[in-house]
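Single-letter residue listing:
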Amino acid sequence: MSTFYITTPIYYVNDAPHIGHAYTTVVADAFARWHRLLGDDTMMLTGTDEHGLKIQRAAEENGVSPQEQVDSTSVLFRDAASLMNIANDDFIRTTEPRHHAAVQELMQRIYDNGYIYSDTYEGLYCVGCEAYYTEDELNDGNCRIHDRPAEQMVEENYFFKLSAFADQLLEYFEQTDGVVKPDGYRNEVLGLLKQELRDVSISRSSLSWGIPVPWDDKHVFYVWYDALINYATAAGFGADDAAFEKWWPNVTHIIGKDIIRFHCVFWPAMLLAAGITDLPKYYVHGWLLIGGEKMSKSKLNSVTPKQLIDGDDDQGFAAFGVDGFRYHFLRDPPFGPDSDFSYEQMITRYNSDLANQFGNLVQRVITVTGKKCGDVSPAPSADSPLAAVATEAYEATAAAWERAQPPIAFDATWRLIRETNEYLAANEPWKMEEGADVDRVMGDALEAIRIVTILASPAIPEAAQRTWERIGMEGNVEDQRLPEAAGWGAYPGGVALLSGDPLFPRLKG
RNA sequence: GGCGACGUAGCUCAGCUGGUUAGAGCGCUCGACUCAUAAUCGGGAGGUCGUGGGUUCGAGUCCCACCGUCGCUACCA
């Protein structure tokens with residue numbers, strides 16, 4: 001059995017959860033669920049990033065302690081994950097003691113290995129970015145992102161010798177296959193590595209809301225370096241060596257394209273500097289845009305997962321349910337490029353794929369079986385024309401996951417649904433007399449539904465489980481193991497079917 | 001400025017190392033059916049593959065130029 005460890009970025013608690021975070025988290029969860037189906041020992045991690053000057057100042061403004069400030073926001077992300085039915089195995093907060101310990105341990109190792117040195121840094125600093133800028137990176141002295149004046153700052157900093165790792169990193173990304181998916185982003189990483197790698201400042205003495213530098217307690221680590229280490233913390237770094245050795249060689253980070261530099265350059269360099277030679281793999285996605293613009297500036301920025309899952313009459317949002325919500329983000333945006341978030345597209349996708357094709361198929365098959373096959377379900381036939389379709393659907397689905405392309409995976413799975421609808425139309429079982437012929441057709445359809453239910457479960461876990469029960473299967477879909485469970489003929493027949501309300505009621509556009 | 005990506009049916013996109021009449025889903029339209037959530041099934045319309053050159057027996061698929069959109073170039077998923 002192999003292991004699979006997948007992470008989302010940890011979300012900065014300065015922001016409330018929006019559908020951009022939701023997208024990343026849902027995709028990560030679906031990957032984790034797919035790997036569990038494959039029988040991989042899987043761990044999925046998400047969490048919150050809670051240090052830094054922005055937090056410290058927000059707390060001051062609100063008249064609360066930084067800890068109170070982050071406690072109140074972190075829980076919003078935890079709740080959002082729960083609302084979206086995210087089956088994360090851990091939720092890390094960078095303010096936890098275990099993380100403090102891991103950061104200090106890892107940084108101390110880097111220091112002991114001679115890759116950290118002290119120097120002064122003077123420059124124009126944007127508090128919003130928590131970053132220094134040069135004059136020409138500013139717009140009339142104002143930060144281009146936050147449109148506020150950068151402040152002149154001088155501080156004693158510790159620097160990390162990033163420059164020492166250029167060759168090793170280049171070798172890793174050039175020679176190791178499939179490290180960065182989709183492939184296009186690998187080129188971006190190589191592009192970054194071929195520029196001059198300048199040493200980076202990793203500490204701050206100007207604030208206290210951070211993790212103290214163990215060899216100099218006047219400093220705290222700059223929030224980004226503290227944050228990156230969360231992935232190692234949760235895997236047991238410095239605390240549970242067996243766990244770390246188990247998970248770390250198989251870690252995959254899901255990240256947005258904007259944080260490639262941190263994750264693909266700084267982070268692996270830090271690992272190497274600390275003597276850790278297993279480096280992460282990456283799935284990189286683009287942004288969800290609205291009207292071609294990045295989410296944060298637009299009106300729909302305020303759309304929350306909850307509004308789309310539960311519906312919002314005031315705003316005119318339909319209730320997609322947790323599965324409808326998840327399915328859209330897994331099926332519509334191509335994984336990698338930027339794509340426009342479209343409410344209309346979300347409605348269309350839901351009605352077409354979930355209500356009309358899948359939900360309706362389940363409904364009609366159960367009804368016809370009940371009318372034509374007596375009290376119990378028939379078994380599938382070994383030589384069904386759908387058998388080959390099912391095999392193909394499974395193989396294409398699995399291949400798409402392997403390429404880190406959830407939209408293609410679900411498209412492949414849905415081909416089996418469409419073919420099953422065609423199969424029914426071609427055979428017209430509702431016109432047939434009770435007997436072997438109609439039993440064969442309905443057994444085949446039920447078997448196709450069983451397989452689809454498993455393959456679709458990473459996107460629509462709730463509806464998958466309900467479908468599983470309606471076709472008379474016992475236990476949980478998520479306990480099925482691929483590829484065996486996708487093999488044709490496993491549907492037992494002779495079980496009682498359950499009818500019920502539509503799994504996905506059609507939504508009004 | 002430098003590096004890079006993209007531009008294919010109304011929409012979202014597939015089209016690997018160049019090879020018969022350019023594909024899918026959705027949408028639209030006509031028809032069929034009635035088991036089903038006005039769902040499903042079949043047919044159809046619709047593209048000079050951004051523009052102009054070039055290489056080749058042959059290019060959406062390689063090369064050049066141009067136009068357009070966008071990203072990265074030290075920190076918003």
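Our subject is the structure that appears above.
A quick note: this is a predicted structure, and the numbers were derived from the prediction, not measured.

Visitor: Teacher, can you tell me more about the nonpolar core here?
Guide: When a protein is soluble and globular, its nonpolar side chains tend to lie buried together. Counting 93 residues, the largest nonpolar core has Leu308, Phe325 and Ile460 as the members making the most contacts within it. Among the nonpolar cores identified, the runner-up in size contains 73 residues, and Leu190, Ala234, Phe237 and Val284 belong to it.

Visitor: Quick question: what am I supposed to make of the protein's contact with RNA strand B here?
Guide: Around RNA strand B, the structure places 52 residues, and the nearest of them are Arg198, Tyr222, Trp224, Asn360 and Arg364. Atoms of RNA strand B within 4 Å of the protein: sugar and phosphate make up 58%, bases the balance. One nitrogen or oxygen atom from the main chain of Leu503 is found 3.5 Å from a base oxygen belonging to RNA strand B. Measuring from a base nitrogen of RNA strand B, one finds a backbone N or O atom of Phe504 at 2.8 Å. At the level of secondary structure, the elements contributing two or more residues to the surface near RNA strand B comprise helix H1 (19–37), strand E6 (131–133), strand E13 (251–256), helix H10 (260–273), helix H13 (343–372) and helix H15 (406–427). Per-element accounting of the surface near RNA strand B gives the leading share, twelve residues, to H13. Among the residues making up the surface near RNA strand B, the classes are represented as 23 nonpolar, 15 polar and 14 charged.

Visitor: Would you take a moment to explain helix H5 (residues 166–175) for this structure?
Guide: Residue pairs three or four apart in sequence face the same way in an α-helix, which turns once every 3.6 residues. The set of residues buried in H5 consists of Ala166, Leu169, Leu170, Tyr172 and Phe173. The buried side chains of H5 occupy one side of the element, clustering within an arc of 160° when seen end-on. For H5, the exposed residues lying more than 90 degrees away from the buried face are Asp167 and Gln175. Buried residues along H5 sit against strand E8 (180–181), helix H6 (183–194), H10 and strand E14 (281–285).

Conventions used here
- Residues numbered from 1 in each chain as written.
- Chains lettered and ligands numbered in written order.
- Predicted model: local features only at pLDDT ≥ 70, side-chain atom pairs only at ≥ 80, totals over all residues.
- Heavy atoms only, no water.
- Core = buried A, V, L, I, M, F, W, Y, C linked by side-chain atoms within 4.5 Å.
- Buried < 20%, exposed > 50% of the residue type's maximum accessible area, 1.4 Å probe, protein only.
- Near = heavy atom within 4 Å.
- Polar contact = N/O pair within 3.5 Å; in protein donor to acceptor, adjacent residues only side chain to side chain.
- Helix = DSSP H or I, 4+ residues; strand = E, 2+ residues; numbered from the N terminus.
- Nonpolar A, V, L, I, M, F, W, Y, C, P; charged D, E, K, R; others polar.
- Arc of directions from axis to C-beta.
- Contact = heavy atoms within 4.5 Å.

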